[in-house]
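For reference, the chains in residue letters:
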Amino acid sequence: MSEIENIYTGQCYCGATKVTVKGEPFAQGYCHCKSCRAFHGAPFIAWSVWPSDAVSVEGDLRKTDKNPALARSTCASCGGKMMGILKEAGFTVVFPNVLADSGLTFAPTMHKYYADRAMDVIDGVPKFEDGPVELGGSGVTLPETRDPVRQAV
Ligand SMILES: [Zn+2]
Ligand SMILES: [Zn+2]
């Protein structure tokens, strides 16, 4: 019996760079780390991780080299955030908002680097201090709290 593989497509803000992913994400969640917040200019970000060979790009992708393990990448024309390439690990983080119009269901199962957060999120999704063990983290989880100072961010 053959399986039909899902295909999701998306594009950057200006439309010059397009991405196609096949199959289903390995994991999905949110990241609150300082690097993600600085790159995106946002209090936290959403991510979906795919095997790199399931991801293809059409257009001109500009890759950052600040973190050699994770090449955060934007559209070279508009600067729209597209993905982060974990070259050694063979995985690519595609920001799910890029794929939002293609029918991808965003079903987050974790918050990563919640200890570094700029704001609290009360959503019942597990909050990892850094990350789960299977993704190289400590596995330590933090309680959901509503901190009035953080809510002011
Ligand atoms: Zn663009
Ligand atoms: Zn991060």
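Shown above is the structure to which this text applies.
Conventions and cut-offs
The residue numbering used here restarts from 1 in each chain and proceeds along that chain's sequence as written. Here every chain gets a letter starting at A, and every ligand a number starting at 1, in the order they are written. With pLDDT at 70 or above as the cut-off, local features in this predicted model cover only qualifying residues; side-chain atom pairs require 80 or more to be listed or tallied, and sums for whole chains, interfaces and linings still use all residues. By the criteria applied, helices consist of DSSP H or I runs no shorter than four residues and strands consist of E runs no shorter than two, each listed in order from the N terminus. As a reference, a globule follows 2.2 Å times the number of residues to the power 0.38, and the radius of gyration itself is taken over C-alpha atoms. The exposure scheme places C-beta atoms from the backbone and then counts, for each residue, the other C-beta atoms within 10 Å of its own, assigning buried at 20 or more, exposed at 12 or fewer, and partly exposed in between. Throughout, a pair of residues is in contact if the C-beta atoms placed from their backbones lie within 7 Å.

A.B. asks: Looking at this structure, how should I read the overall build of the protein chain?
C.D. replies: A count of helical and extended segments in the protein chain gives 2 helices and 10 strands. Helices and strands appear in the protein chain in the N-to-C order β-β-β-α-β-β-β-β-β-β-β-α. On C-alpha atoms alone, the protein chain measures out to a radius of gyration of 16 Å, which is about the 15 Å that the 2.2 N^0.38 rule sets for 153 residues. Considering only C-alpha atoms, the protein chain reaches an extent of 45 × 45 × 30 Å along its principal axes. Evaluated residue by residue, the protein chain yields a buried proportion of 31% over its 153 residues. By sequence separation, contacts in the protein chain at least 24 residues apart represent 53% of the contacts at least 6 residues apart.

A.B. asks: Explain the environment of H32 here, please?
C.D. replies: Residue placement: H32 occurs in the loop between β3 (27-31) and α1 (34-40). Owing to 22 C-beta atoms within 10 Å, H32 belongs among the buried residues under this scheme. Between the alpha carbons of H32 and A46 there is a distance of 9.1 Å; along the sequence they are 14 residues apart. Apart from the residues within four sequence positions on either side, H32 is in contact with F44, H111, K112, Y113, Y114, D116, R117 and A118.

A.B. asks: Just checking my understanding: could you explain the environment of W47 for this structure?
C.D. replies: The topology assignment puts W47 in strand β4 (residues 45-51). On the basis of neighbour counts, which here come to 21 C-beta atoms within 10 Å, the residue W47 falls in the buried class. The spatial distance from the C-alpha of W47 to the C-alpha of N97 is 8.5 Å, given a sequence separation of 50 residues.

A.B. asks: I'm lost on the environment of G79 in this one. Help?
C.D. replies: Within the secondary structure layout, G79 lies in the loop between β7 (71-75) and β8 (81-86). On a C-alpha basis, the gap between G79 and F91 in space is 22 Å, while along the polypeptide they are 12 residues apart.

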